[in-house]
Amino acid sequence: MSKAFTKETDSDDDEDSGALPPLPPGSKNYMTPAGYARLRDELLNLIDNERPRIVEIVHWAASNGDRSENGDYLYGKKRLREIDRRIRFLTKRLDVAEVVDPSAHYGSDQIYFGATVTYANSKGEERTITIKGIDEVDHLAAEVSWIAPIARALLKAREGDEVQLMTPGGLETLEVVEVRYPKPN
């Protein structure tokens with residue numbers, strides 16, 4: 001059977017390419033200025049550097065003859081599809097991004113997007129998280145998306161407030177210990 005009529009195994013779904021959750025329907029894609037800049041830099045690097053380099057490799061590999069057993073050609077074409085999918089994904093996400101500068105709330109004790117919050121659970125254990133956009137979260141740096149249950153529970157609360165969070169183990173009470181924002185530039 002000719003390969004021309006077989007279905008590609010790679011998904012063309014742009015939302016899957018970013019390994020990020022889809023935006024909730026009707027919500028905005030909030031981002032910090034740093035997160036927006038990081039995604040924009042990734043997009044520009046893909047367009048200006050990565051894609052042209054892979055196109056050159058594929059062109060060279062195609063000129064070598066038989067493409068059906070040419071690993072450079074096959075891998076290069078697959079990598080080009082991945083790059084193009086990521087470019088489409090980033091373009092869509094950046095087009096609908098709403099950049100919010102958390103430093104505008106500097107000095108406030110109320111929790112908004114971009115806040116770094118220290119809270120204590122009922123056992124007295126303290127944790128610190130930073131509320132960021134879906135596309136810029138780094139879980140290893142204790143950052144959570146603004147749509148995460150913990151962030152939704154904390155938003156609009158103030159230092160000293162107690163909030164309720166539904167967890168798999170049941171309802172948990174959290175006390176807001178401290179709220180910080182970055183200093184304005």
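Cut-off values and rules
- Residues numbered from 1 in each chain as written.
- Predicted model: local features only at pLDDT ≥ 70, side-chain atom pairs only at ≥ 80, totals over all residues.
- Heavy atoms only, no water.
- Helix = DSSP H or I, 4+ residues; strand = E, 2+ residues; numbered from the N terminus.
- Buried < 20%, exposed > 50% of the residue type's maximum accessible area, 1.4 Å probe, protein only.
- Contact = heavy atoms within 4.5 Å.
- Areas by Shrake-Rupley, 256 points an atom, 1.4 Å probe, with all protein chains shown as cover.
- Axes fitted to C-alpha atoms, helices over the stretch in contact; angles between N-to-C directions.
- Parallel < 35°, antiparallel > 145°, perpendicular 65-115°, else oblique.
- Left-handed = near helix turned anticlockwise from the far one by under 90°.
- Nonpolar A, V, L, I, M, F, W, Y, C, P; charged D, E, K, R; others polar.
- Pairing = 2+ DSSP bridges.
- Salt bridge = Lys/Arg side-chain N within 4 Å of Asp/Glu carboxyl O.
- Core = buried A, V, L, I, M, F, W, Y, C linked by side-chain atoms within 4.5 Å.

A. Broad picture of the overall build of the protein chain. What the protein chain contains, in helices and strands, is four helices and seven strands. Its helices and strands taken in sequence order, the protein chain reads α-β-α-α-β-β-β-β-α-β-β from the N to the C terminus. The 185 residues of the protein chain split such that 35% are buried. Excluding contacts between residues fewer than 6 apart, the proportion of contacts in the protein chain whose partners are at least 24 apart in sequence is 61%. Put simply, the protein chain shows about 11,500 Å² of open surface, and 51% of that area lies on carbon and sulfur atoms.

B. Here's a closer look at the packing of helix α2 (residues 33-62) against helix α3 (residues 71-95). Remark: α2 packs on α3, axes separated minimally by 9 Å, with the N-to-C direction vectors making an angle of 155 degrees. On the basis of their axis angle, the class for α2 and α3 is roughly antiparallel. Relative to α3, α2 is oriented so that their crossing is left-handed. Grouping the constituent residues of the contact of α2 with α3 by class yields 18 nonpolar, two polar and nine charged.

C. The arrangement of the sheet that holds strand β4 (residues 126-132) in detail. Read across the open sheet, the five strands follow the order β5-β4-β3-β7-β6; overall the sheet is mixed. On the outer flanks of this sheet lie β5 (143-145) and β6 (162-167), each paired with one strand and no other. Within this sheet the neighbouring strands show an average axis-to-axis angle of 45 degrees, counted without direction.

D. Spotlight on the side chain of S103. Mapping S103 onto the fold places it in the loop between β2 (97-99) and β3 (116-120). Not counting residues within four places of it along the chain, the set of residues in contact with S103 comprises P182, K183 and P184.

E. Representation of the pattern of salt bridges in the model. Summed over all chains, the structure comprises 10 salt bridges. Between R40 and D41 there is a salt bridge, with its nearest N and O atoms 3.8 Å apart. Notably, a salt bridge pairs D109 with R158, separated by 2.7 Å at the nearest N-O pair. Residue D109 is found in the loop between β2 and β3, and its partner R158 is found in the loop between α4 (149-154) and β6; the two are separated by 49 residues along the sequence. On the accessibility criterion, D109 (29% relative accessible area) is partly exposed. Through salt bridges with shared partners, a single network forms among E50, R53, R79 and E82.

F. Quick peek at the nonpolar core. Grouped together as the largest cluster of nonpolar side chains are 22 residues, with contacts concentrated most on I111, V117, I150 and L154. Mapped by element, the contributors of at least two residues to this core are β3, β4, α4, β6 and β7 (170-180). By residue number, the principal contributor to this core is α4, which donates four residues. With residues up to four places along the chain from it excluded, the contact list for L154 reads I111, V117, Y119, I129, V163 and V176. M31, V58, F89 and L94 belong to the second largest nonpolar core, which has 16 residues in total.

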